[in-house]
Amino acid sequence: MLGAVPMSTVQMIGMPSATPVAGQAAQLRPNAPAYTPPYTPPVAPQQAPPQQAAPPQAVPLPPPPPAWHEPPPPKRIPNWLGALIAFTIVGAIAASVAWYTTQRRNGGAAKSGAAEATQDAVITGHPYSKDLEVTGFRLTTLTKNKYQVQFLVVNHGATEMTDLGGVITVRGKGTDPEKEPAFTFKFKVSSLAPYSAKEVEVREFTQFTKSRNDMPDWQFYEPIVEITSPAL
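Before going into details, it helps to say that this report is about the structure given with it. (Residues numbered from 1 in each chain as written. Predicted model: local features only at pLDDT ≥ 70, side-chain atom pairs only at ≥ 80, totals over all residues. Heavy atoms only, no water.)

Observations regarding the packing of aromatic side chains
For the structure shown, the criterion picks out 10 aromatic pairs. With a centroid separation of 5.2 Å and an interplanar angle of 80 degrees, the aromatic rings of F205 and F208 are classed as edge-to-face. An aromatic cluster is built from F137, Y147, F151, F183, F185, F187, F205, F208 and Y221, whose rings are joined through pairwise contacts. (Phe/Tyr/Trp six-rings, centres within 6.5 Å; stacked < 30°, edge-to-face > 60°.)

A closer look at unusual backbone geometry
S229 connects to P230 through a cis peptide bond whose omega is 0 degrees. Turning to its location among the elements, P230 is positioned in the segment after β8 (221–229). Phi at D163 takes a positive value of approximately 55 degrees, unusual for a residue other than glycine. Within the secondary structure, D163 sits in strand β4 (residues 161–172). Overall, the relative accessible area of 36% leaves D163 in the partly exposed class. Of note in the backbone geometry, Y195 takes a positive phi value of approximately 55 degrees without being a glycine. Position of Y195 among the secondary structure elements: in the loop between β5 (183–192) and β6 (196–202). (Helix = DSSP H or I, 4+ residues; strand = E, 2+ residues; numbered from the N terminus. Buried < 20%, exposed > 50% of the residue type's maximum accessible area, 1.4 Å probe, protein only.)

Digging into the pairing of β4
Burial within β4 is extensive, with nine of its 12 residues counted as buried. As judged from the nine bridges shared by β4 and β5, these two strands associate in the antiparallel manner. Residue pairing in the sheet places V167 in a bridge with K186 of β5. By the bridge criterion, eight bridges tie β4 to β8 in an arrangement that is antiparallel. Each residue of the ladder has a partner; that of T169, found in β8, is I224. (Pairing = 2+ DSSP bridges.)

Focus: the side chain of H126
Along the chain, H126 falls in the loop between β1 (122–123) and β2 (132–143). Of note is the side chain of H126, whose polar atom sits 3.0 Å from the backbone nitrogen of Y128. One polar contact links the side chain of H126 to the main-chain carbonyl oxygen of P230, over a distance of 2.8 Å. Among all residues touching H126, those that are not within four sequence positions of it are I227, P230 and L232. (Polar contact = N/O pair within 3.5 Å; in protein donor to acceptor, adjacent residues only side chain to side chain. Contact = heavy atoms within 4.5 Å.)

Comments concerning the pairing of strand β3 (residues 146–155)
A regular strand places its side chains so that they alternate between the two faces of the sheet. Burial runs high along β3: eight of the 10 residues are buried. Direction of pairing for β2 relative to β3: antiparallel, over a ladder of nine bridges. From the neighbouring strand, L132 faces β3, where its bridge partner is N155. The turn linking β2 back onto β3 is made up of two residues. With seven bridges joining them, β3 and β6 adopt antiparallel strand pairing. Each bridged residue has a counterpart across the sheet, and for V149 the counterpart in β6 is V202.

Brief notes about the sheet that holds β8
Strand order in this open sheet of five strands is β1-β8-β4-β5-β7, and the pairing throughout is mixed. Each of the sheet's edge strands pairs with one partner strand only, and the pair in question is β1 and β7 (207–208). Here two bridges tie β1 to β8, and the two strands are oriented parallel to one another. By the bridge assignment, V122 is partnered in β8 with I224.

So this is what it looks like as structure tokens:
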């Protein structure tokens, strides 16, 4: 009687193993499916949590403005004094306007009277002198030593004046008769119809004052007309 043989020895001798290996199992079960390991789902990588932005730094506030204090009310002048000042100003303005208007009116009248008294020429010694008026003298400078005088001759009569001519001497009002006149010239008008007027221009002088500063203003001209034509 044989003794007990260990299982490992039996297997080594040739006895088939109770647990076949993978190749053997495939040979024993040819229709069995291939071994597929169990499915393991992929693991998504974990993202790092977003970093929080640093909190904004606090902006320092400007210092508060100083406390406002209401200025004290201005001192008011008494009502009676304010009324007195207002009446004084209004009265002064009214007096100034009245004075200026009066002076201007009087001055204008005086100038007008002086012009009428001095601008009308004195005409004597001729029949034409009754109806003839010579007025409106105006002296202008053409060049350095060249002058022109303009004036108006008026026929106030019903008879025509023909071949009218003469000499006109212009002095300043109130000047010494012995003093040299401002200027002297001759004029000629061929015909002057009844109730008509004509402007005359003369550029040739028989006498002219040497000093232009001694020439009177036009308002103070005193013309004297001597009619030489037609001859009496």
